Amino acid sequence: MRNRRRTLPGGRAGRGTTGPRASVAEEKLGARFERTYSTTDYRKHPWFSERPTEFVAEAVRSGRVRRGRSLDLGCGAGTLALWLARQGYDAFGIDFSPSAVAVATRRAARRKRKARFRVASALDLPFPRGFADLVTDIGLVHTLSPPRREVYASELARVLKPGGDYLTVVFAREDQNDEIGPPYRLSVGELMAAFESALEVQEVHAVPSEPARDARRFYAVHLRRRRSPQPGPGPLWR
Ligand SMILES: C[S@@+](CC[C@H](N)C(=O)[O-])C[C@H]1O[C@@H](n2cnc3c(N)ncnc32)[C@H](O)[C@@H]1O
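As a starting point, this report considers the structure included with it.

Rules and cut-offs
Residues numbered from 1 in each chain as written. Predicted model: local features only at pLDDT ≥ 70, side-chain atom pairs only at ≥ 80, totals over all residues. Helix = DSSP H or I, 4+ residues; strand = E, 2+ residues; numbered from the N terminus. Buried ≥ 20, exposed ≤ 12 C-beta atoms within 10 Å, placed from the backbone. Contact = placed C-beta atoms within 7 Å. Axes fitted to C-alpha atoms, helices over the stretch in contact; angles between N-to-C directions. Parallel < 35°, antiparallel > 145°, perpendicular 65-115°, else oblique. Nonpolar A, V, L, I, M, F, W, Y, C, P; charged D, E, K, R; others polar.

Focus: the overall build of the protein chain
And step 1. Within the protein chain one finds 7 helices and 7 strands.
And step 2. Scanning the protein chain from its N terminus toward the C terminus, one meets helices and strands in the order α-α-α-β-α-β-α-β-β-α-β-α-β-β.
And step 3. For the protein chain, the residues scored as buried account for 42% of the 238 residues in total.
And step 4. Sequence separation of at least 24 residues holds for 72% of the intrachain contacts in the protein chain that already meet a minimum separation of 6.

Here's the deal with the packing of helix α2 (residues 29–39) against helix α5 (residues 98–111)
And step 1. With their axes 7 Å apart at the nearest point, α2 and α5 run at an angle of 45 degrees to one another. In this view, α2 runs oblique relative to α5, as classed from their interaxial angle. For the pair α2 and α5, the contacting residues are Glu-34, Tyr-37 and Ser-38 in the first and Pro-98, Ser-99, Ala-100 and Val-103 in the second.
And step 2. Taken together, the residues of the contact of α2 with α5 sort by class into 4 nonpolar, 2 polar and 1 charged.

Some words on the environment of Leu-199
And step 1. On the secondary structure map, Leu-199 appears in strand β6 (residues 199–208).
And step 2. Put simply, Leu-199 and Tyr-166 are 33 residues apart on the chain and 8.5 Å apart in space, counted from C-alpha to C-alpha.
And step 3. Setting aside chain neighbours within four positions, we find Leu-199 in contact with Ala-157, Tyr-166, Leu-223, Arg-224, Arg-225 and Arg-226.

Purely geometric stuff here, so don't read any function into it on its own.
This is the structure in structure tokens:
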């Protein structure tokens, strides 16, 4: 008997990025994440870890990214923002799930960390232009359909300071064997198309999944906000 595809919040059965199923799935995404955070202990979520994402931790420790103010998009239970606060960042995190933000805020209070969390959409960030020196995204961008990815890229370019850094770990489109996962996995080409007019590539490499360390494939991506726009595909410079 063939395995049935399982889905996770942010994921859907089947593949492909267009068609009615994709848009229905996307509309329900926020509600699904909220339901997950409000009904299941965050420590049981497959993406949860008590430790910061290795790629981000290494980039920060090695000094490859700017210090200052950090913003974690799709912060979930807040692990990464809490760790960045401990490293000396003025740390912020946003998530569209109020229950996730409540968990992150509670964890910050328990640890007496100054990280601040807000309920917000990554497509409409409540921060001014040039707000952050470092933006991180672990597990959000691959939930966005191509049109929404463009809005996201534009918001990202707006809130990042010129010369500021963006670190993300995304599900690789090339991973064809996985039975679970998000709907809009990206190839390196798609990543570049979405971001290259406003951000330039510093580093892209394949990494194992975290925290599961199973066979799934991800890309670790480091982009830097250009000081002036480049012509070409990608989000409108604004
Ligand atoms: C796979 S979880 C990862 C959570 C966290 N980054 C971590 O590594 O533990 C993706 C998170 O992104 C949030 N999210 C997805 N799309 C979002 C959007 N458009 N705006 C804000 N948050 C979003 C979800 O609520 C969820 O907390």
